[in-house]
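Architecture at a glance
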Amino acid sequence: MKTSIKVIISIVFCFFIIILGVGIGSVNIPPSHILKILWSNILNRPLPVDIEANFVSIIWKIRLPRAILAFIVGGALAVSGSVMQSVLKNPLASSYTLGVSSGASVGAGLVMITGFSIPILGKFTLPFVGLLAGLLTVYLAIRFSAKIDKNMENNTIILVGMVFSLFINAMITLMTALSRENLQKLTFWQMGSFSLKEWSDVVVLFPIVVLCITILMKYSKELDIMTFGEEQAMAIGVDTKRVKWILLGLSAALTGSAIAFVGVIGFIDLISPHVVRKIFGASHKLVIPMSMIFGGAFMVVCDLIARTIIPLSELPVGAVTAIIGAPFFGYVYFSRRKVE
Amino acid sequence: MLELKNVFTGYGDIDIIKDISLNIGEGTNLCILGPNGCGKTTLLKAIAGILPIRGDILIDGISIKDMKRHEIAGKIAVMSQISNIYFSYTVFETVMLGRYLYMKNSIFKEPSQNDKAYVEKCLKATGLSSIRNKQIDTLSGGQLQRVFLARTLAQDPNIILLDEPTNHLDLRYQKELIDYLKEWSKEDRHAVIGVFHDINLAMDLADQVLVMEKGKAVSLGKPEEVIKDHTLNRVYEMDIVGYMVDSLEQWKKF
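What you are looking at is a predicted structure, and each value in this text was computed from that prediction instead of being measured.

Here is what the cut-offs are and how they apply
Residues numbered from 1 in each chain as written. Chains lettered and ligands numbered in written order. Predicted model: local features only at pLDDT ≥ 70, side-chain atom pairs only at ≥ 80, totals over all residues. Helix = DSSP H or I, 4+ residues; strand = E, 2+ residues; numbered from the N terminus. Rg over C-alpha atoms; globule rule 2.2 N^0.38 Å. Buried ≥ 20, exposed ≤ 12 C-beta atoms within 10 Å, placed from the backbone. Contact = placed C-beta atoms within 7 Å. Nonpolar A, V, L, I, M, F, W, Y, C, P; charged D, E, K, R; others polar. Pairing = 2+ DSSP bridges. Axes fitted to C-alpha atoms, helices over the stretch in contact; angles between N-to-C directions. Expected span 1.5 Å × (residues − 1). pLDDT = per-residue confidence, 0-100. Core = buried A, V, L, I, M, F, W, Y, C linked by C-beta atoms within 7 Å. Parallel < 35°, antiparallel > 145°, perpendicular 65-115°, else oblique. Left-handed = near helix turned anticlockwise from the far one by under 90°.

Before going further, it helps to examine the overall build of chain B. The secondary structure content of chain B amounts to 11 helices and 10 strands. A compact globule built from 254 residues should have a C-alpha radius of gyration of about 18 Å, and chain B, at 19 Å, falls within 12% of that. Over its C-alpha atoms, taken along the principal directions, chain B stretches across nearly 55 × 50 × 35 Å. The burial tally for chain B puts 40% of its 254 residues in the buried class. Taking contacts inside chain B between residues at least 6 apart in sequence as the whole, the part at least 24 apart equals 67%.

In terms of helices and strands, chain A carries 14 helices and 0 strands. For chain A, the N- to C-terminal ordering of α and β elements is α-α-α-α-α-α-α-α-α-α-α-α-α-α. Against the 2.2 N^0.38 benchmark of 20 Å for 340 residues, chain A shows a C-alpha radius of gyration of 20 Å, consistent with a compact globule. Taken over the C-alpha atoms alone, chain A extends approximately 65 × 55 × 40 Å along its principal axes. The buried share of chain A, taken over its 340 residues, is 48%. Counting only contacts in chain A whose residues sit at least 6 apart along the sequence, the fraction spanning at least 24 positions is 76%.

Reports of interface size often rely on the accessible area that becomes lost once the parts have come together. Facing the 24 residues of chain B at the interface are 23 residues of chain A. Within the residue set of the side of chain B that touches chain A, elements represented by two or more residues are helix 2 (69-75), strand 6 (76-79) and helix 4 (100-103) of chain B. Considered class by class, the residues forming the side of chain B that touches chain A number 14 nonpolar, 6 polar and 4 charged.

In this section: the sheet that holds strand 10 (residues 216-221) of chain B. All names here are of chain B. Reading across the sheet, the 6 strands line up as 6-7-8-3-9-10 and stay open at both edges, with mixed pairing between neighbours. Two strands close off the open sheet at either side, each with one partner strand: strand 6 and strand 10. In this sheet, adjacent strand axes meet at a mean angle of 20° when their direction is disregarded. As judged from the 4 bridges shared by strand 3 (residues 29-33) and strand 9 (residues 208-213), these two strands associate in the parallel manner. Within the sheet, the bridge partner assigned to Leu 33 lies in strand 9 and is Val 211. Against the sheet, helix 1 (residues 40-47) contacts strand 3, strand 6, strand 7 (159-163), strand 8 (191-195) and strand 9, and its axis sits at roughly 145° relative to strand 8. Docked against the sheet, helix 6 (residues 141-154) engages strand 6 and strand 7, running at close to 175° with respect to strand 6.

Residues and elements named next belong to chain A. Given a rise of 1.5 Å per residue, 25 residues ought to cover 36 Å, and the 36 Å separating the end C-alpha atoms of helix 6 (residues 154-178) matches this to within 8%. Those residues of helix 6 that fall on the buried side of the exposure criterion are Ile 157, Ile 158, Val 160, Gly 161, Phe 164, Ser 165 and Ile 168. In the core, the buried residues of helix 6 are packed alongside helix 4 (100-114) and helix 5 (125-148).

Looking now at the confidence of the model for chain A. Per-residue confidence for chain A averages 87 on the pLDDT scale, and 98% of its residues sit at or above 70. Of all helices and strands in chain A, the one with the weakest mean pLDDT is helix 14 (residues 317-339) of chain A (76), whereas helix 13 (residues 284-308) of chain A scores best (94).

Another aspect to go through is the sheet that holds strand 5 (residues 62-63) of chain B. All names here are of chain B. The strand order 2-1-4-5 describes an open sheet built from 4 strands, whose pairing is antiparallel. Edge positions in the sheet fall to strand 2 (14-24) and strand 5, since each of these pairs with one other strand and no more. Both strand 1 (residues 2-11) and strand 4 (residues 53-59) contribute to a ladder of 6 bridges, which runs antiparallel. Note that in strand 4 the partner of Leu 2 across the bridge is Ile 59. Across the face of the sheet, helix 1 comes into contact with strand 1, strand 2 and strand 4 while running at roughly 65° to strand 2.

Next up on the list: the nonpolar core. Counting 170 residues, the largest nonpolar core has A:Val73, B:Leu161 and B:Ile193 as the members making the most contacts within it. For this core, the element with the highest residue contribution is helix 3 (residues 53-87) of chain A, accounting for 16 residues. Those residues in contact with B:Leu161 that sit more than four places away from it in its chain are B:Leu44, B:Ile47, B:Ala48, B:Ile76, B:Val78 and B:Ile193.

Right, let's get into the packing of helix 3 of chain A against helix 8 (residues 199-218) of chain A. Residues and elements named next belong to chain A. Taken N-terminus to C-terminus, the directions of helix 3 and helix 8 make an angle of 25°; their axes are 10 Å apart at the nearest point. Between helix 3 and helix 8, the angle falls in the class roughly parallel. Seen along the crossing, helix 3 lies across helix 8 with a hand that is left-handed. Between helix 3, through Pro 65, Ile 68, Leu 69, Ile 72, Gly 75, Ala 76, Val 79 and Val 83, and helix 8, the contact on the second element is made entirely by Trp 199, Asp 201, Val 202, Leu 205, Phe 206, Val 209, Ile 213 and Leu 216.

Geometrically, a packed helix pair is captured by the angle between its two axes and the distance between the axes. Residue and element names in this part refer to chain A. Interaxial distance between helix 8 and helix 11 (residues 240-262) falls to 10 Å at its minimum, and their mutual angle equals 165°. Comparing their axes, helix 11 and helix 8 come out roughly antiparallel. Note that helix 8 runs across helix 11; the crossing there is left-handed. Of the residues in helix 11, those in contact with Asp 201, Leu 205, Ile 208, Val 209, Cys 212, Ile 215 and Leu 216 of helix 8 are Leu 250, Ala 253, Leu 254, Ser 257 and Phe 261.

Now for the confidence of the model for chain B. Taken residue by residue, chain B gives an average pLDDT of 87. The fraction at 70 or more is 97%. As scored by the predictor, the complex reaches a pTM of 0.86 and an ipTM of 0.87.

Shown next, in the form of structure tokens:
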């Protein structure tokens, strides 16, 4: 099948998933109504008479921002994962390899425990501090790698990332143990949730993710070359040290900003790039945008399952991504090995 | 064209290459010989600017230390040994990566018609045109080696560095590769520097031979000069000429 047709099918599929994510819930709303509501709200037209007024609130105020945020977060994590895998030349690397989630968890945990708030940021204090702590962790991990290994070899970066993650995870455990009244909040944050998310979250996160992904697209050729190894990339003319800093920094910014808003969600970043490579090949010109689409769609599905599978209750979305993602990843990875 | 002045290099604080100086002119085919671990590959990495050096390496009179990564890659291309392939590209995509330098200026680095035509030329030269759409993780070692050669050629360099380029090739392709390199190096401002284990192939390609031992250059000259001075026998700790003559006698029986 032609690549352009595959891309069109993927975009239509993604649109279909979002409509599904918006329509299904405690009150089921048919797709035709959803489209009419979107149409009238976006173009500021009067609402057709056959649509109940409470449908508009459910769609426009609750489900649509939630689904779009889930799509952006899933896409950001998947793109970040694909970049980490290529830069570190490791198919099992994820967007969390450098400790961004551990760092963000410590930052978010501190805000939860102390109740600290920056007046100008208000409710965005938690994601802001989480993002800063996540980026600081990655920065320290890369600086430390560069200090002990001037060439910043991938193995050094991965090992240092692991050491930092383990160390900071121990700090989170300590924080949780010493602040039992916040135990539930801290634990749930580390499992991720899209509950109570609003348009304001989308408005803040969207430009960050679009900016990071656009810059990453500009580096798609360097990413292709770096999958062949650093020495070959240098011989072809890539300034690997500088490019690696930029790519890892952008990847950390994507993951950090995404999880700062919704908590830690795993597996999307690991599996989406593999599925995309299987369908579209390894060229990052396609892997990056298609990871955004597939990761986003997968996250919307997982959130849909998380909030509907048990009536009047909501599961942590991180648990759903892992339950679906782990066997699915096993299937994709081992079926590929079997073919080889 | 290429000048090494008292070059030292290695990994960390340990010098693998110790005080090597040589001059490579236009049209030269230099083959580097020596036992395992003598520093042949490390020397190639130093010349390619991949490893930091003490001393100096001049390309067309300019120190490699003053050149940017892409400027070095515009002059010198490296055909590496085959390594693991983690993510699979098509043959065409892989060879196109060699045009990176020439795509650098466009925002999303799209190849121009000129780049595509150049890649087609390289595919044809290496006999890969018919498998241009195959995934590289489905290729044999020999085919993959040719893909990497095509990618090296696509870089349009003045100097090609080859690290054991015939490792995965059968006899026919070994001969074709050597013949191709001999032709290529005759073109204006071209030179080839190769590391070989197969002394026969090295002697076939080389008009200059560098023999290395423990990171040092122990002999440099025309192939016949190097064979006559018995350096090869000493560094390999065997009678190379005697072994070759014995082999030839065996073949003569058929």
